[in-house]
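# Breakdown of the fold
Chain by chain, the residues:
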Amino acid sequence: MLKYLVDGETQWQTLISTQLHHTLIFTDVDEGKHIRLEAAWVNPRMQNGPWSEEVRELIN
(Lines give C-alpha, C1' and ligand atoms only; values in the text may rest on other atoms or scores of the structure.)
Protein backbone atom coordinates (compact mmCIF):
# COMPACT_ATOMS: atom_id res chain seq x y z
CA MET A 1 0.00 0.00 0.00
CA LEU A 2 1.32 3.42 -0.91
CA LYS A 3 0.00 6.79 0.13
CA TYR A 4 1.28 10.06 -1.25
CA LEU A 5 0.61 13.78 -1.09
CA VAL A 6 1.73 16.30 -3.71
CA ASP A 7 2.47 19.90 -2.63
CA GLY A 8 -0.66 22.02 -2.88
CA GLU A 9 -3.05 19.10 -2.33
CA THR A 10 -4.88 18.54 0.95
CA GLN A 11 -5.91 14.89 0.65
CA TRP A 12 -3.56 11.89 0.60
CA GLN A 13 -3.91 9.56 -2.41
CA THR A 14 -3.82 5.81 -1.69
CA LEU A 15 -2.65 3.08 -4.03
CA ILE A 16 -2.93 -0.66 -3.41
CA SER A 17 -0.72 -2.76 -5.68
CA THR A 18 0.25 -6.42 -5.78
CA GLN A 19 3.52 -5.53 -7.53
CA LEU A 20 6.82 -4.82 -5.82
CA HIS A 21 7.47 -1.85 -8.14
CA HIS A 22 4.96 0.72 -9.35
CA THR A 23 5.40 3.87 -11.44
CA LEU A 24 3.44 6.98 -10.56
CA ILE A 25 2.55 9.20 -13.53
CA PHE A 26 2.21 12.96 -13.03
CA THR A 27 1.26 15.82 -15.34
CA ASP A 28 3.49 18.71 -16.41
CA VAL A 29 1.69 20.87 -13.82
CA ASP A 30 3.22 18.75 -11.02
CA GLU A 31 6.79 19.12 -12.30
CA GLY A 32 8.97 20.89 -9.73
CA LYS A 33 6.63 20.11 -6.83
CA HIS A 34 7.56 17.90 -3.90
CA ILE A 35 5.76 14.68 -3.06
CA ARG A 36 5.52 12.99 0.34
CA LEU A 37 5.35 9.18 0.30
CA GLU A 38 4.73 6.42 2.84
CA ALA A 39 4.42 2.67 2.23
CA ALA A 40 3.16 -0.39 4.13
CA TRP A 41 2.83 -4.10 3.38
CA VAL A 42 -0.72 -5.47 3.17
CA ASN A 43 -1.62 -8.96 4.37
CA PRO A 44 -4.13 -11.29 2.61
CA ARG A 45 -6.94 -9.82 4.74
CA MET A 46 -6.11 -6.36 3.32
CA GLN A 47 -4.81 -5.11 6.69
CA ASN A 48 -1.79 -2.88 6.35
CA GLY A 49 1.28 -3.25 8.50
CA PRO A 50 3.13 -0.37 10.07
CA TRP A 51 3.80 2.60 7.78
CA SER A 52 7.33 3.41 6.69
CA GLU A 53 8.99 6.67 7.53
CA GLU A 54 7.91 9.52 5.28
CA VAL A 55 10.05 10.21 2.21
CA ARG A 56 9.97 13.59 0.45
CA GLU A 57 11.06 13.75 -3.20
CA LEU A 58 10.99 16.22 -6.08
CA ILE A 59 8.80 15.45 -9.10
CA ASN A 60 10.78 16.01 -12.30
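Owing to the predicted nature of the structure, the values given are computational and were not obtained by experimental measurement.

## Overview of the pattern of salt bridges
Within the structure shown, the criterion is met by four salt bridges. The salt bridge partner of E38 is K3, with a shortest N-O separation of 3.6 Å. Linking E38 in strand 3 (residues 34-39) with K3 in strand 1 (residues 2-6), this pair joins segments that are 35 residues apart in sequence. In this structure, the salt-bridge partner of E54 is R36, at a minimum N-O distance of 3.0 Å. On the criterion of sequence distance, the pair formed by E54 in the loop between strand 3 and strand 4 (55-58) and R36 in strand 3 is long-range, its members being 18 residues apart. Overall, the relative accessible area of 40% leaves E54 in the partly exposed class. Judged by its relative accessible area of 28%, R36 is partly exposed.

Here is what the cut-offs are and how they apply
- Residues numbered from 1 in each chain as written.
- Predicted model: local features only at pLDDT ≥ 70, side-chain atom pairs only at ≥ 80, totals over all residues.
- Heavy atoms only, no water.
- Salt bridge = Lys/Arg side-chain N within 4 Å of Asp/Glu carboxyl O.
- Helix = DSSP H or I, 4+ residues; strand = E, 2+ residues; numbered from the N terminus.
- Buried < 20%, exposed > 50% of the residue type's maximum accessible area, 1.4 Å probe, protein only.

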